[in-house]
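# Reading the structure
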Amino acid sequence: MMALSGDQEASEEGLLLPPENHRVKCMSMGFFMKGDTPVVWRGPIVNSAIDRFLMGTAWGHLDVLVVDMPPGALDVLVVDMPPGTGDAQIGLGQRLPLAGAVIVSTPQDVALLDARRGAQMFRKVHVPLLGLVENMAYYCCPNCGHQDNIFGSGGVAAAAEDLGVPLLGQVPLNGQIRHQSDIGVPIVMTAPDSPAGQAYSSIAGQVKARLSSAPCEAFAKQPTITID
């Protein structure tokens with residue numbers, strides 16, 4: 001999605017040198033995998049990868065850092081996490097003073113089960129919830145303009161209300177989003193006034209506003225994980 005690939009180089013100090021596109025430096029597990037090779041890692045190795053990406057990369061001075069999961073002066077750190085409540089999410093919550101988490105889900109009930117569990121997991125490790133985003137919220141026919149809620153409607157809004165957090169926005173199911181992602185050029189650059197482009201811009205603005213007022217509690221309240 002960032003149109004970046006190739007072997008990763010290291011500095012003289014042994015730090016990874018992150019590739020850059022659209023003025024965003026990025027580090028991803030995908031840079032180290034060949035073809036369809038799977039990542040079959042247990043918890044300790046996942047946590048080591050998180051530490052390597054965050055602390056072992058020459059980020060320098062950045063406005064936005066995108067780490068696609070498994071230190072420099074940063075204003076915003078965006079970590080794209082896989083769904084679930086596994087070692088990667090817990091390890092990140094325990095290692096970094098996270099200002100907040102944004103939960104992204106499609107509207108159907110099956111997806112919302114994971115979204116709700118993820119939200120509660122972040123709360124257990126004292127990471128504030130900034131809000132929920134509804135992905136693939138609806139499909140709008142480019143020919144007739146008919147709007148169809150393929151995956152249902154209202155589920156993410158209801159979950160946000162139950163969790164006591166805002167619904168930050170609704171991103172449509174749109175072929176142009178897929179195309180722009182495949183070529184690594186964000187739709188907010190090619191079609192900023194489109195419904196999809198406006199949705200992303202609005203969500204980003206709300207997240208930025210909430211981050212500016214969200215206290216960072218992760219290190220003030222160290223979580224205790226117990227297994228019965």
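That block above? That's the structure.
Read on for a plain summary of the structure. (Residues numbered from 1 in each chain as written. Predicted model: local features only at pLDDT ≥ 70, side-chain atom pairs only at ≥ 80, totals over all residues. Heavy atoms only, no water.)

## Description of the overall build of the chain
Heads up, the condition is: Strands here mean DSSP runs of E at least two residues long; helices mean DSSP runs of H or I at least four residues long; both are numbered from the N terminus. Partly exposed describes any residue whose relative accessible area lies between the buried limit of under 20% and the exposed limit of over 50%, with all areas from a 1.4 Å probe on protein chains only and scaled to the type maximum. For the area figures, the Shrake-Rupley method with a 1.4 Å probe applies, and any residue is considered shielded solely by the protein chains shown.
Scanning the chain from N- to C-terminus turns up seven helices and eight strands. A total of 228 residues make up the chain; the buried ones form 35% of that total. Accessible surface for the chain amounts to roughly 13,200 Å². Of this, 54% is attributable to carbon and sulfur atoms.

## Describing the side chain of S105
Within the secondary structure, S105 is located in strand β5 (residues 101-105). For S105, a relative accessible area of 4% translates into the label buried.

## Section: helix α7 (residues 195-213)
Quick note on the threshold: Under the convention used throughout, the expected extent of a helix is 1.5 Å for every residue step, that is, one less than its residue count. The arc in question is the one spanned by the directions pointing from the helix axis to the C-beta atoms. Any pair of residues with heavy atoms lying within 4.5 Å of one another is described as a contacting pair.
Under the 1.5 Å per step criterion, the end-to-end length of α7 is 28 Å for 19 residues, consistent within 8% with the ideal 27 Å. When we look at burial in α7, the residues that qualify are A196, G197, A199, I203 and V207. Buried residues of α7, seen end-on, are gathered within an arc of 160° and therefore sit on one face of the element. Those residues of α7 that are exposed and aimed more than 90 degrees away from the buried face are P195, K208, S212 and S213. Contacts from the buried residues of α7 go to β5, β6 (129-140), β8 (167-173), α5 (175-183) and α6 (187-190).

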